[in-house]
Amino acid sequence: MASGAVPASQSQQSGFFGWIERVGNRVPHPVLMFLYLIIGLMILSHILFLFGVSVTDEIITPVPIQQLADLRDALGGSVVPYNPYTGEVVEIPEFIVQEQTIAVRSLLTTEGLRHFFTSFLPNFSGFTVIGVTFMAMLGAGVAEQAGLMNALIRKLVAVTPARLLTFSMVFVGVISSLASDAGYLILIPLAAAAFASVGRHPLVGLSAAFAGVAAIFTVNLVPVAIDAMLTEITNEAIALAGGQPISIVANLYFNIASSFILAIVATVVAERVIAPRLGAWDPSQGQEETDAPQQEIAPELEAKGLQWALYGFLAVLAIVVLFTVIPGAPLRRPAGQMGGNLPLIDSLLFIITLFFLVSGIAFGAAVGTIKSGNDVIKKASKTFAGLGGMVLMFLMISQFIAFFNYSNLPTVIAVNLAGILQNLAIGPLPLLILMTIVIVLLDFIMPGSVPKWAIFAPIFVPLFIRLGVEPQSVLAAYRIGDSPVNPITPLMVYLPFILTIAQRYQKDAGIGTLIALMLPYTVIIAVAWLLLLAIWFLINVPLGPGYFPQTASILLGWL
């Protein structure tokens, strides 16, 4: 250990964040914690049910466009939606506004207990995170077992200046939302391993990548799938006030600026807050397999393996391009399809898995770590064998989330908080900031971006339009509230996976360890993001092409 370096075991247990870690790690195992939460939820839902707690509000709900498209295709394309008065074909919206009365449902009534027993298996089998995790780990696991990941990390470290390594991990995490959930499953483990390879604490790399992927989730350099959904919901809310709809690029400039600025902020947090607290890394703190020596591969052989891996990558890329650009190809949107994402976008995670799987097999064949198909199966099996504990955590988390949603408690809480904000007699800017703070708090119980906005948009978009605030500004504020809490909410569905990765390098890591790691990112990113939006409002530059944050009159009122 270098002179003056603080041992990790001491630095992690000291100060405020050390206290958070100690307290957090004393809570029961996540499996037991979610079991206790389910029991508490059952009792609470029954009490509120007995008191008749309910809310009535306008909520934006999705239209089953894909089912309609499937029905049309099944009927040979002969059924199309049309206006019976004009006879013209109409486009079905992706979302509609409906007034709904939502009451708290008890899990202890006959109906609730019936749902508890009959839905237990579907809750788990329908928990898509499990399939996504296993799919991503198939490719990444084989590539890691073959030695490709270690070779790529060495190459990454060699070509990336040491001072830019942290920023690179954060920034790639920010833009990883292009590839759905690949950032959680591939980048975070890679960042931890990259830091370990240069002798730095792996949890610094893990936390930096996690911050980029989760805490800065709702922005990117280009519009992504989540932007389309948030924009459609916003437009449905704008229609309630008779305003003009916005386009998917309404927040583009703000998103691009946020991506770079917040990546820098997260990098500063990693280097100035997290790294000094963790101190030097002692590899003996990790699990045994972390310390096991890797198979030595001669540099010349490794170079050959990387070359073969590149050939495998290019082969998959060529297939994807052919399946996308040729008219009628399987990854193009069929002519006349209603709604939905481009099949290429829906397939990104599977395509990324193919990239890693084929490249890993090619690398292993070149260097001798894979000699037959049986070796590929053994390496994939070894990867899956280490995920047993995580699957058990997924079992309990899936039940809690499903039962929580069944009780309607998240919606009732969100609508009530929105109603309180709506009735506050305060100025537009304070109200916008307060709305953002409420979204931050709600993210602890409703991590999904779309469900919260479906509740808040019909209330606040028309309200702010009447106050002179443009809808693109309200959407920008919502983005700020929706992301920073993601890394520390217990309902983060990838938390078990990230905890499993952390325990490779610190075997006694627990939920408290992750919360203590990520809390500085959450607080500082949220504050910095709010300041960025406030500055954007004051200088009144476009949030996107032609989309200014406010009118001149409201700006003068705030000043």
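The coordinates are above.
Bear in mind that the values here come from a model prediction, so they are computed numbers and not experimental data. (Residues numbered from 1 in each chain as written. Predicted model: local features only at pLDDT ≥ 70, side-chain atom pairs only at ≥ 80, totals over all residues. Heavy atoms only, no water.)

**Remarks on the overall build of the protein**
In step 1: Secondary structure assignment for the protein yields 25 helices and two strands.
In step 2: Counting across all 559 residues of the protein, residues that qualify as buried make up 50%.
In step 3: Within the protein, contacts between residues at least 6 apart in sequence are counted, and of these 82% link residues at least 24 apart.
In step 4: Only carbon and sulfur atoms are counted for the fraction: they give 67% of the accessible area of the protein, which is about 24900 Å². (Helix = DSSP H or I, 4+ residues; strand = E, 2+ residues; numbered from the N terminus. Buried < 20%, exposed > 50% of the residue type's maximum accessible area, 1.4 Å probe, protein only. Contact = heavy atoms within 4.5 Å. Areas by Shrake-Rupley, 256 points an atom, 1.4 Å probe, with all protein chains shown as cover.)

**What about the pattern of salt bridges?**
In step 1: In this structure the tally under the stated criterion is seven salt bridges.
In step 2: The salt bridge involving Glu 302 is made with Arg 154; its shortest N-O contact spans 2.3 Å. Taken together, the residues span a long stretch of sequence, with Glu 302 in helix α14 (residues 299-325) and Arg 154 in helix α7 (residues 148-159) at a distance of 148 residues.
In step 3: A relative accessible area of 13% places Glu 302 in the buried class.
In step 4: The class for Arg 154 is partly exposed, based on a relative accessible area of 43%.
In step 5: The residue Asp 443 makes a salt bridge to Lys 452 at a minimum N-O spacing of 3.0 Å.
In step 6: Among the residues examined, Lys 452 registers a relative accessible area of 0% and is labelled buried. (Salt bridge = Lys/Arg side-chain N within 4 Å of Asp/Glu carboxyl O.)

**With respect to the packing of helix α10 (residues 202-215) against helix α24 (residues 511-539)**
In step 1: At a closest axis distance of 10 Å, the pairing of α10 and α24 adopts a crossing angle of 45 degrees. In terms of orientation, α10 and α24 fall into the oblique class. Once α10 is placed against α24, the crossing between them reads as right-handed. Contacts between α10 and α24 involve Leu 203, Val 204, Leu 206, Ser 207, Ala 208, Phe 210, Ala 211 and Ala 215 from the first element and Thr 513, Leu 514, Leu 517, Met 518, Tyr 521, Ile 525 and Trp 529 from the second. (Axes fitted to C-alpha atoms, helices over the stretch in contact; angles between N-to-C directions. Parallel < 35°, antiparallel > 145°, perpendicular 65-115°, else oblique. Left-handed = near helix turned anticlockwise from the far one by under 90°.)

**Points about unusual backbone geometry**
Note: most peptide bonds trans; most residues except glycine with negative phi.
In step 1: For Asn 408, which is not a glycine, the phi torsion comes out positive at approximately 70 degrees.
In step 2: Of note, Asn 540 is a non-glycine position whose phi angle comes to about 55 degrees, a positive value.
In step 3: Structurally, Asn 540 can be placed in the loop between α24 and α25 (552-558).

**Points about the nonpolar core**
In step 1: Core analysis: the largest hydrophobic core is formed by 154 residues, its most contacted members being Tyr 184, Trp 453, Phe 456 and Tyr 521.
In step 2: The element contributing the most residues to this core is α24, with 13 residues.
In step 3: Residues in contact with Phe 456, not counting those within four places in the same chain, are Ala 414, Ala 418, Leu 421, Met 435, Val 438, Ile 439, Leu 442 and Val 461. (Core = buried A, V, L, I, M, F, W, Y, C linked by side-chain atoms within 4.5 Å.)

**As for α10**
In step 1: When the terminal C-alpha atoms of α10 are compared, their 19 Å separation across 14 residues agrees well with the 20 Å that a helix rising 1.5 Å per residue should span.
In step 2: With 14 of 14 residues buried, α10 lies mostly within the body of the structure. (Expected span 1.5 Å × (residues − 1).)

**Overview of a nonpolar patch on the surface**
In step 1: Together, Leu 32, Leu 35, Tyr 36, Ile 39, Ile 43, Ile 47, Phe 49, Leu 50, Phe 51, Leu 108, Leu 113 and Phe 117 make up an exposed nonpolar region whose accessible area comes to about 1200 Å².
In step 2: Among the secondary structure elements, those contributing two or more residues to the nonpolar patch are α3 (30-50) and α5 (110-125).
In step 3: Take the nonpolar patch: its biggest share by element is eight residues, from α3.
In step 4: For Phe 49, the position within the fold is in helix α3.
In step 5: Overall, Phe 49 belongs to the partly exposed group, its relative accessible area being 38%. (Patch = residues over 30% accessible without salt bridge, like charges linked within 9 Å, V, L, I, M, F, W, Y side chains within 5 Å.)

**Comments concerning the packing of aromatic side chains**
In step 1: Counting across every chain of the model gives 17 aromatic pairs.
In step 2: Taking 6.1 Å as the distance between ring centres and 55 degrees as the angle between the ring planes, the aromatic pair formed by Phe 116 and Phe 120 counts as tilted. Here Phe 116 and its partner Phe 120 are both found in helix α5, four residues apart, which amounts to about one turn of the helix.
In step 3: Exposure remark for Phe 116: the relative accessible area of 18% places this residue in the buried category.
In step 4: Ring geometry for Phe 460 against Phe 464: centres 6.1 Å apart, planes inclined by 35 degrees, an arrangement best described as tilted. Of the two residues, Phe 460 and Phe 464 both sit in helix α21 (residues 449-466), four residues apart, roughly one turn of that helix.
In step 5: Take Phe 464: its relative accessible area is 0%, and that puts it in the buried class. (Phe/Tyr/Trp six-rings, centres within 6.5 Å; stacked < 30°, edge-to-face > 60°.)

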